[in-house]
Amino acid sequence: MKLHTIHAGHFMCDGGALFGVIPKKMWSKLYEVDADNYCKASLRCLLIDTVKRRILIDTGIGTKQGAKFLSHSRLFGDDELISSLHKVGYQTSDITDVLLTHLHFDHCGECVTKDEDGQLQLTFENATYWVSQKQWNTYLNPNVREGAVYFPENMMPVFEANKLQLIKSEGAWLPEVDIKLFDGHTDGQIVPIIHTPNGLLAYMGDFIPVTASINPFWVAAYDIQPIVSIEEKKQFLNEAISKNINLYFEHDYYTECCSLTSSPKGVSVGKTFSLEEFMR
Ligand SMILES: [Zn+2]
């Protein structure tokens, strides 16, 4: 098995939204903040190459939304999904499966691309796209809080092309990947746990977006059920300690992966490392 980090870009994220009720005085010590209260964040996707399949987890924001929207997202840097794939030796046609943690626009934005004539095309022409049944139901019928972050053009072409598969329950998804489902941030968010030759690695998505959010009480303002998020994180972190699960961060600009350590005060960051160091 090979794992590759696939950067789909970096953006400036409102610190108040990311850290919720936690005072700025506390989070700004850990995450450098600009004059508008924004901190650096990443769109760090993951490619899993098994003998049989090449699975991409999440696809970033994409480019089809137009300049005005993209300027609101405050993207920076040169990293982009397709060129990042090329850099590690893959073409879009190599991808067999796209696993989406959930369907907020910054996680599934490049499932569909606009071609030169402005027509919507599936970016990964040979892939099956996977999302949880619960998340799909919310996408079709969003609540008042999440309506603005689901875009029809990100997923409806996938559905219409008959390339969408729904995951209904937790457990083994592939021999190499287990699925866990959480509801605090959004209904049916997937956290995949990958069985690598060097141990277990969980893709955090928006469940634990950055290392500081390992503290169960550091919950983002946009989680739809913050109390559920706290409980889900506590349970997951205990399981992660007992099974020695390492974490891979989608949004932490500064830290790619970490191990966990436990003390009477709770679970916290053990060591931090890159994916390359983890796979060495
Ligand atoms: Zn989200």
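The structure presented is a predicted model; accordingly, all values stated were derived computationally and were not measured. (Residues numbered from 1 in each chain as written. Predicted model: local features only at pLDDT ≥ 70, side-chain atom pairs only at ≥ 80, totals over all residues. Heavy atoms only, no water.)

(A) Seen up close, the layout of surface pockets. Looking at the largest pocket, its volume works out to about 580 Å³. Contributing to the lining of the largest pocket are 23 residues, with Phe11, Phe105, Asp106, Val149 and Tyr222 lying nearest its centre. Counting only elements with at least two residues in the lining of the largest pocket, the list comes to β1 (2-14), α1 (15-19), α3 (67-73) and α5 (105-108). By volume, the second largest pocket amounts to about 370 Å³. Along the wall of the second largest pocket there are 17 residues; nearest its centre are Ile214, Asn215, Pro216, Gly266 and Val267. Within the residue set of the lining of the second largest pocket, elements represented by two or more residues are α8 (226-243) and β16 (266-273). Top contributing element to the lining of the second largest pocket by residue count: β16, with four residues. Broken down by class, the residue content of the lining of the second largest pocket amounts to nine nonpolar, six polar and two charged. (1 Å grid on protein atoms, 1.4 Å probe; cavity = no way out; pocket = protein on both sides within 12 Å on 5 of 7 lines; lining within 4 Å. Points joined across faces, edges and corners; volume = space filled by probe spheres on them. Helix = DSSP H or I, 4+ residues; strand = E, 2+ residues; numbered from the N terminus. Nonpolar A, V, L, I, M, F, W, Y, C, P; charged D, E, K, R; others polar.)

(B) Inspection of the coordination of the zinc ion at higher detail. Protein-derived ligands of the zinc ion are His102 (NE2), His104 (ND1), His185 (NE2) and Asp206 (OD), with the metal-ligand distances lying across 2.1 to 2.2 Å. Its four donor atoms give the zinc ion angles of 91 to 167° at the centre, a pattern that matches the irregular case. Expressed as a motif, the donor residue spacing for the zinc ion is H-x1-H-x80-H-x20-D. Taken as a pair, His102 in the loop between β5 (97-99) and α5 and His185 in the loop between β11 (177-182) and β12 (189-196) lie far apart in primary sequence, 83 residues in all. You'll find His102 and His185 in the same group, each marked buried. (Donors = N, O, S within 2.8 Å, 3.2 Å for Na, K, Ca; no water. Tetrahedral: all angles 85-135°; square planar, octahedral: opposite > 155°, others 65-115°. Buried < 20%, exposed > 50% of the residue type's maximum accessible area, 1.4 Å probe, protein only.)

(C) Region of interest: the sheet that holds strand β3 (residues 54-57). The seven strands are arranged β4-β1-β2-β3-β5-β8-β9 in an open sheet whose pairing can be described as mixed. Among the strands making up the open sheet, the edge pair consists of β4 (75-76) and β9 (164-167). Where strand β2 (residues 38-49) meets β3, four bridges bridge the pair, whose relative direction is antiparallel. Across the sheet, residue Asp49 finds its bridge partner in β3, namely Arg54. Lying on the sheet, helix α6 (residues 133-140) is in contact with β8 (128-132) and β9; it crosses β8 at an angle near 90°. (Pairing = 2+ DSSP bridges. Contact = heavy atoms within 4.5 Å. Axes fitted to C-alpha atoms, helices over the stretch in contact; angles between N-to-C directions.)

(D) Inspection of empty space enclosed by the protein at higher detail. Counted under the stated rule, the structure contains one cavity of 30 Å³ or more. Taken as a whole, the largest cavity holds about 50 Å³ of empty space. Lining the largest cavity, in full, are Leu18, Asp206, Phe207, Pro209, Ser213, Trp218, Val219, Ala220, Asp223, Ser229 and Lys233. Residues belonging to the lining of the largest cavity are distributed by class as follows: six nonpolar, two polar and three charged.

(E) Highlighting the nonpolar core. Of all hydrophobic cores here, the largest spans 45 residues; its most connected members are Phe19, Leu103, Cys111, Phe124, Tyr129 and Met155. When residues in this core are grouped by element, the largest group, five residues, is from β2. Formed by 21 residues, the second largest nonpolar core is a distinct cluster that contains Ile167, Trp173, Leu174 and Phe273. (Core = buried A, V, L, I, M, F, W, Y, C linked by side-chain atoms within 4.5 Å.)

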